[in-house]
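Below are the chains, spelled out letter by letter.
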Amino acid sequence: LRKLNAHATYKKDYDTFQKRIADIIEKYEEKRDQDAFKDRTPLLADMQKIEAQATIDIVLAPARNIFADMKERSLDKTAPASLIQAQDIYKSSEVSIWKDCRNQENLTRVGTKSLFWAKRAKHISEETQRLKEVKKDDFEAVVLDAEKRLYSIDVALGTEDFRDRSFNDHAAALAREAKKRI
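A brief look at the structure comes next.

## Remarks on the nonpolar core
Counting 17 residues, the largest nonpolar core has Leu60, Phe67, Met70, Tyr90, Ile97 and Ala118 as its most contacted members. When contributions to this core are tallied by element, the ones reaching two or more residues are helix H3 (41-59), helix H4 (61-72), helix H5 (80-99) and helix H6 (104-132). Apart from residues lying up to four places away in sequence, Phe67 is in contact with Leu83, Ala86, Gln87, Tyr90 and Ala118. Of all hydrophobic cores here, the second largest spans five residues; its members include Tyr10, Tyr14, Phe17 and Ala54.

Below is the structure:
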């Protein structure tokens, strides 16, 4: 627990844990009775709680940092649906870690998943903010930029020029072309 810096990070829980240990030691020293160690359930529960909290803090820190950055940059209200979705995934990851904070595969999976959705929410919020700042006279430039992005994929795949189609049809055609090459 010291390696996890639990004594500083989870002060209240760590203090409770320390008090339980002190009580067990005191009981043992008073009577020199092995029964003092009999009911370790609360002590073990304290240790497991601190371990799970520390694991959550470590595994989900990258996603949590993105959420904090978004809030600091006032992006947390820009694309609320995407942010809520990312936060819901983060919360389900916390629950999953609480259930089993030692399953390395699960920790990797939920940490990666939470980070993916947090990054997605951040990028969508940044793009939404950028679009909100576009002046009416600049709408065409935004559309042309999107077209340019799709066209760069046309070129990279060596396909025909799909710019004569709607963006949705263009994207669908690119997906079909990419699928042919896989």
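## Quick look at H5
The periodicity of an α-helix, 3.6 residues per turn, causes residues three or four places apart in sequence to face the same way. Helix length check: H5 (20 residues) gives 29 Å between terminal C-alpha atoms against 28 Å at 1.5 Å per residue, within 8%. Residues of H5 that are buried include every one of Ser82, Leu83, Ala86, Ile89, Tyr90, Ser93, Ser96 and Ile97, and no others. All buried residues of H5 project into a common sector of 140° when viewed along the axis, lining one side. Among the exposed residues of H5, those pointing more than 90 degrees away from its buried face are Ala81 and Lys99.

## Brief notes about H6
The first and last C-alpha atoms of H6 sit 42 Å apart over 29 residues, in line with the 42 Å expected at 1.5 Å per residue. The N-cap residue of H6 is Asn103: its side-chain oxygen and the backbone nitrogen of Glu105 are 3.1 Å apart.

## Observations regarding the packing of aromatic side chains
By the definition in use, this model includes two aromatic pairs. Each ring, one from Phe67 and one from Tyr90, has its centre 5.7 Å from the other, and the planes form 75°; the classification is edge-to-face. Of this pair, Phe67 sits in helix H4 while Tyr90 sits in helix H5, and the two are 23 residues apart along the sequence. The buried category is assigned to Tyr90, whose relative accessible area is 10%. When the ring of Phe116 is compared with that of Trp117, the centres are 5.3 Å apart and the planes differ by 75°; the resulting orientation is edge-to-face. It is Arg163 that lies over the ring of Tyr151; its NZ or CZ is 3.8 Å from the centre.

Reading the values: rules and limits
Position numbers for residues count from 1 along each chain, tracking the sequence in the order it is written. Only residues with pLDDT of at least 70 get local features here, since the model is predicted, and only at 80 or more are side-chain atom pairs given and counted; chain-wide, interface and lining totals rely on the full set of residues. Remark: hydrogens and water are excluded; side-chain values derive from all non-hydrogen atoms of the structure. Put simply, a nonpolar core is a bunch of buried Ala, Val, Leu, Ile, Met, Phe, Trp, Tyr and Cys residues held in one set by side-chain atoms that sit within 4.5 Å of each other. A 1.4 Å probe rolled over the protein chains alone gives each residue an accessible area, and that area as a share of the maximum for its type sets the label: buried under 20%, exposed over 50%, partly exposed in between. Runs of E in the DSSP output that reach at least two residues are strands. Runs of H or I that reach at least four are helices, and both are numbered from the N terminus. Note on contacts: a residue pair is in contact if any heavy atoms of the two residues lie within 4.5 Å. Helix span, expected: 1.5 Å multiplied by one less than the number of residues in the helix. An arc is given here, and it is the one of the directions from the helix axis to the C-beta atoms. Under this definition, polar contacts are N or O atom pairs within 3.5 Å; protein pairs additionally need one hydrogen-donor-capable and one acceptor-capable atom, and for neighbouring residues in sequence, both atoms have to be side-chain atoms. Two rings from Phe, Tyr or Trp (for Trp, the six-membered ring) form a pair when their centres sit within 6.5 Å of each other. Planes less than 30 degrees apart are called stacked, planes more than 60 degrees apart edge-to-face, and all others tilted. Should the NZ of a Lys or the CZ of an Arg lie within 6 Å of a ring centre and within 35 degrees of the ring normal, that charge is described as sitting over the ring.

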